[in-house]
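A structural walkthrough
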Amino acid sequence: LLLREFNLSSVMRLWDTYLSEGDGGFEDFHVYVCAAFLCQFSGQLKGMEFDELFQFMQNMPTEDWTDTEIEVLLSQAYVLSTLFGGSDAHLQSQTSA
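Residues numbered from 1 in each chain as written. Predicted model: local features only at pLDDT ≥ 70, side-chain atom pairs only at ≥ 80, totals over all residues. Heavy atoms only, no water.

1. Some points on the overall build of the chain
Summing up its helical and strand segments, the chain has five helices and zero strands in all. Taken from N to C terminus, the helices and strands of the chain fall in the order α-α-α-α-α. Burial analysis of the chain (97 residues in total) assigns 29% to the buried set. Put simply, 62% of the contacts in the chain that link residues at least 6 apart link residues at least 24 apart. In the structure as shown, the chain presents an accessible area of about 6,800 Å², 56% of it carried by carbon and sulfur atoms. (Helix = DSSP H or I, 4+ residues; strand = E, 2+ residues; numbered from the N terminus. Buried < 20%, exposed > 50% of the residue type's maximum accessible area, 1.4 Å probe, protein only. Contact = heavy atoms within 4.5 Å. Areas by Shrake-Rupley, 256 points an atom, 1.4 Å probe, with all protein chains shown as cover.)

2. Some points on the pattern of salt bridges
Here the structure, examined in full by the defined rule, presents one salt bridge. One salt bridge in this structure joins Arg13 and Glu71, with 2.7 Å as the shortest N-O distance. Placement of Arg13 in helix α1 (residues 8-20) and of Glu71 in helix α5 (residues 67-84) is noted, with a sequence separation of 58 residues between them. Judged by relative accessible area, which is 28%, Arg13 ranks as partly exposed. (Salt bridge = Lys/Arg side-chain N within 4 Å of Asp/Glu carboxyl O.)

3. Describing the nonpolar core
Ranked by internal contacts, the top residues of the largest apolar core, which has 20 residues, are Phe6, Leu14, Val33, Phe37 and Leu73. Mapped onto this core, the elements with two or more residues apiece are α1, α2 (25-40) and α5. Not counting residues within four places of it along the chain, the set of residues in contact with Leu14 comprises Leu2, Phe6, Val33, Ile70, Leu73 and Leu74. (Core = buried A, V, L, I, M, F, W, Y, C linked by side-chain atoms within 4.5 Å.)

4. Quick word on α5
Between the first and last C-alpha of α5 there are 25 Å, a value that for 18 residues agrees with the 26 Å anticipated at 1.5 Å per step. Along α5, the positions that sit buried rather than exposed are Ile70, Leu73, Leu74, Ala77, Leu80 and Ser81. Each buried residue of α5 sits inside an arc of 120 degrees when the element is viewed along its axis, so together they form one side. Seen from the open side of α5, the exposed residues pointing more than 90 degrees away from its buried face are Thr68, Tyr78, Thr82 and Leu83. Summarising the contacts, the buried residues of α5 are in contact with α1 and α2. (Expected span 1.5 Å × (residues − 1). Arc of directions from axis to C-beta.)

5. What about the packing of α1 against α5?
Two elements in contact, α1 and α5, have axes separated by 10 Å at closest approach and are oriented at 25 degrees. One finds that α1 runs roughly parallel with respect to α5. Relative to α5, α1 is oriented so that their crossing is right-handed. The residues of α5 that touch α1, namely those facing Ser10, Arg13, Leu14 and Thr17, are Ile70, Glu71, Leu73 and Leu74. (Axes fitted to C-alpha atoms, helices over the stretch in contact; angles between N-to-C directions. Parallel < 35°, antiparallel > 145°, perpendicular 65-115°, else oblique. Left-handed = near helix turned anticlockwise from the far one by under 90°.)

6. Overview of a negative patch on the surface
Taken together, Glu63, Asp64, Asp67 and Glu69 make up a surface patch of like negative charges. Relative to the assigned elements, Asp64 resides in the loop between α4 (50-58) and α5. (Patch = residues over 30% accessible without salt bridge, like charges linked within 9 Å, V, L, I, M, F, W, Y side chains within 5 Å. Lys, Arg positive; Asp, Glu negative; His and termini not counted. Charge placed at Lys NZ, Arg CZ, Asp CG, Glu CD.)

Below, the structure is given as structure tokens:
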């Protein structure tokens, strides 16, 4: 649950948000937080080979993140949850007939 990626105060802020989301905070909202987290680095990730990607994911550059970056992350996650929450259409594969 992003314990390795952030310092303790940031993790506490994330978990506080999960708990305030009520039922499904950890199960549902966490998915959107992870998606927003990956979007933060999408430009870098798209240009990486598998081994570079794997190494990057093992050592995410978040050691200097502050409450400001966490708030932006949570805001982006909220936008994603508003856009896609309750819609399973984005989970279905797009196959052409």
